[in-house]
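Survey of secondary and tertiary structure
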Amino acid sequence: MVVLRIRNAHKRKYALICLCIVGYIVYKYVSMPAGEWRMSRKVGLSANSSQFTLEGQPFRILGGSVHYFRVPRAYWRDRLMKMKACGINTLTTYVPWSLHQPERGVFNFHTQLDLVAYINLAAELGLWVILRPGPYISSELDLGGLPSWLLRDGSMRLRTTHPGFTQAVNTFFDKLIPRVVPLQFKKGGPIIAVQVENEYGSFAKDESYMLFIKEALQSKGISELLLTSDYHNTLKSGGVDGAIRSVKLQKLNQRDLQDLYAIQPNSPTMVMDYWTGWYDVWGDLHHVLPPEDMMSTVREMLRRGMSVNLYMFHGGSSFGFMSGACADPSYKALVPSYDYDAPLSEAGEYTPKYHLLRDLLSLYNGGGGFPDMPVLHYRESYEPAIMYQHLSLWDALSFTEGPFKSPKPVSMENLPVNNGNGQSYGYTLYEVTITSGGLLKSGDNVRDRALVFVDRRYIGLFKRQNLELAVPDGKGRRTLSLLVENCGRVHQGRDLDKQHKGLVGDILLNNTPLRDFTMYSLDMKPSFIDSLYQAPWRSLPNTPSFPGFFMGRLFAYGYPSDTFVKLPAWEKGVVFINGLNLGRYWSIGPQQALYLPGPFLNSGINQVIVFEELEGDYKVYFEDTPDLGMAADIQ
């Protein structure tokens, strides 16, 4: 009897210990952020009926696009928390190949481009993820996010099964896909779907291409639901077997949906890109979509039971030279702001669209509340930066990679720079000796603008609509210089293979092709800007020469705040803050202020460098309000 009691006591003790262990495991499992646990799931996002299901339960995608490469990393959490607080359940993001692989064999998945950290953050905040890895993404990026070094192949046919392209895609995917495979839903991660390429139906030059991309993704470990995304009239040619088709639109026309229903009648209806606004181009107005127009369309889509992704929920900024361009009907380059008139502004501010959308989505939340809206960041006006030093462009040439000599002009992409990868962005200076004046003809071979000089004196401008220029007469041998700017490669259309920049053909003087060029690559990468510390800067003269670099200082005391850079009396150029390329400015607008995030600033002294092409008043302002230009409703 005593032995029995002892045994029962031991049993109770062991049972209590086991219960404590199980309880502790359950507690840790429940309390862990989503990004930190990896449980096995068997059934992911499914499209086998008229409604999506996730693990067998009905699921509606309420998505929002926020691109990690357009938002300072220090603000990733802020932007995603604001999206979560609006009722969005799914983050969508493109993956820009051109930024992740700036050169063949060189890959960057760190700091600002740490995609894995971004996806894990989404999981931690309770957001699902739809990944859009391209390789072509459009997204109003230079060359649609394709790296420009692909164009060094003279026979290159982008977005086809051309061997040079498929080999490059496989090399990139070999680096990218293994990073995201563990983050898929069935492996315990947040990725519930992956998009195959992007709007291929409007390109459609190779019937085998979409199958190649699909198989490249799957062979490297992608196992979640696949989807494609196209305009309503190109859905058929843009799809691929085994991937659900989705549509892009801004106005909900029955005809658009009928095209989708006709192709996949028994599948969920997904608007992969509902455009909440639009992008802006230089020389035009700032495009806005009235909040009531957006809300009426979103309300109707939800009423019909559709899934939707808001492109963009927060646009951010195309810092540096990453912006693309339009070619139809004529060439126009995009501004650096990617505000997009989205529910969350470029600087992360709440807009009327945000509040209206939050109210609407609260009706579809199943009775649960939303997280509180995060407090807005403080914005500040700083004292203007007075430019106190000047460096002529001509004095900066010794800090470039080069010079290079060639009988004929060489395009940016084919210059022997950046370890044999050519020049992607910025300016290229072409110099040639002339012995007479006369009529200079570009033959439409300038891509995209060229300031023209004789013996370093400015004589005029070449651009796409301006193909002739008079060269004044002079004695003896003189130097003709053309400073050519890549204003941005087009981001969509059927001419992606033809996006070489710089001088892409002969320049004629009196109908004779000029020969024996000397070329300087001015890509203005951080390493070049940093090297200018050693340059012969001079105190700002009364009449400084242009083009030139101008240096000043911004003082930010305490914890730096967001601000906006304004250059009201400058003409056209680029702004660098602490060596970082903030983007282009241009007096023609619409954008009149560059967003400068607080995390880009140091407490104390900050270096401001402005590269100005033509004229300036030597003062840079920092104000607490944006200025995207005169607005016009999207028609």
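My aim in this report is to walk through the structure given alongside it, one point at a time. (Residues numbered from 1 in each chain as written. Predicted model: local features only at pLDDT ≥ 70, side-chain atom pairs only at ≥ 80, totals over all residues. Heavy atoms only, no water.)

This part takes up the layout of surface pockets. Its boundaries defined by the atoms lining it, the largest pocket holds a volume of some 1,100 Å³. Every residue lining the largest pocket is counted, 36 residues in all, and those nearest its centre are Leu99, Phe319, Gly320, Tyr425 and Pro526. Only α3 (97-100), α12 (526-531) and β33 (580-586) provide two or more residues apiece to the lining of the largest pocket. Along the walls of the second largest pocket sit 25 residues, with Cys326, Ala327, Asp328, Pro329 and Ser330 positioned nearest its centre. Grouping the amino acids of the lining of the second largest pocket by side-chain chemistry returns 9 nonpolar, 7 polar and 9 charged. (1 Å grid on protein atoms, 1.4 Å probe; cavity = no way out; pocket = protein on both sides within 12 Å on 5 of 7 lines; lining within 4 Å. Points joined across faces, edges and corners; volume = space filled by probe spheres on them. Helix = DSSP H or I, 4+ residues; strand = E, 2+ residues; numbered from the N terminus. Nonpolar A, V, L, I, M, F, W, Y, C, P; charged D, E, K, R; others polar.)

So, on to the side chain of Arg447. Structurally, the position occupied by Arg447 is in strand β20 (residues 446-447). By relative accessible area, Arg447 is classed as buried at 16%. At 2.5 Å, the side chain of Arg447 and the backbone oxygen of Asp444 are in polar contact. Apart from residues no more than four positions distant in its own chain, Arg447 is found in contact with Arg464, Val484, Glu485, Asn486, His500, Lys501, Gly502 and Val504. (Buried < 20%, exposed > 50% of the residue type's maximum accessible area, 1.4 Å probe, protein only. Polar contact = N/O pair within 3.5 Å; in protein donor to acceptor, adjacent residues only side chain to side chain. Contact = heavy atoms within 4.5 Å.)

Moving on: the packing of aromatic side chains. Taken as a whole and assessed by the stated rule, the structure comprises 34 aromatic pairs. Considering the side-chain rings of Tyr200 and Phe203, the 5.8 Å spacing of their centres and the 55° angle between planes classify their relative orientation as tilted. Phe203 shares its class with Tyr200; the two are buried. Here Tyr311 and Tyr340 contribute two aromatic rings whose centre-to-centre distance is 5.5 Å and whose plane-to-plane angle is 85°, an arrangement assigned as edge-to-face. Taken together, the positions of Tyr311 in strand β12 (residues 307-314) and Tyr340 in the loop between β14 (332-333) and α10 (352-361) put the pair 29 residues apart, joining distant regions of the chain. Of the two residues, Tyr311 and Tyr340, both sit in the buried class. An aromatic cluster of at least three residues, connected via ring pairs, comprises Tyr94, Tyr231, Trp275, Trp278, Tyr279, Tyr311, Tyr338 and Tyr340. Across from the ring centre of Tyr338, 3.7 Å away, lies the NZ or CZ of Arg70, which sits over that ring. Above the ring of Tyr350, the side-chain terminus of Lys82 is found at 5.4 Å from the ring centroid. (Phe/Tyr/Trp six-rings, centres within 6.5 Å; stacked < 30°, edge-to-face > 60°. Lys NZ or Arg CZ within 6 Å of the ring centre and 35° of its normal.)

In this section: the pattern of salt bridges. Counting across every chain of the model gives 28 salt bridges. Of the charged contacts, one joins Glu124 and Arg77 as a salt bridge, the two residues approaching to 3.0 Å between their closest N and O atoms. One end of the pair, Glu124, is in helix α4 (residues 115-124); the other, Arg77, is in helix α2 (residues 76-85), with 47 residues separating them in the sequence. The salt bridge involving Lys572 is made with Glu613; its shortest N-O contact spans 3.4 Å. (Salt bridge = Lys/Arg side-chain N within 4 Å of Asp/Glu carboxyl O.)

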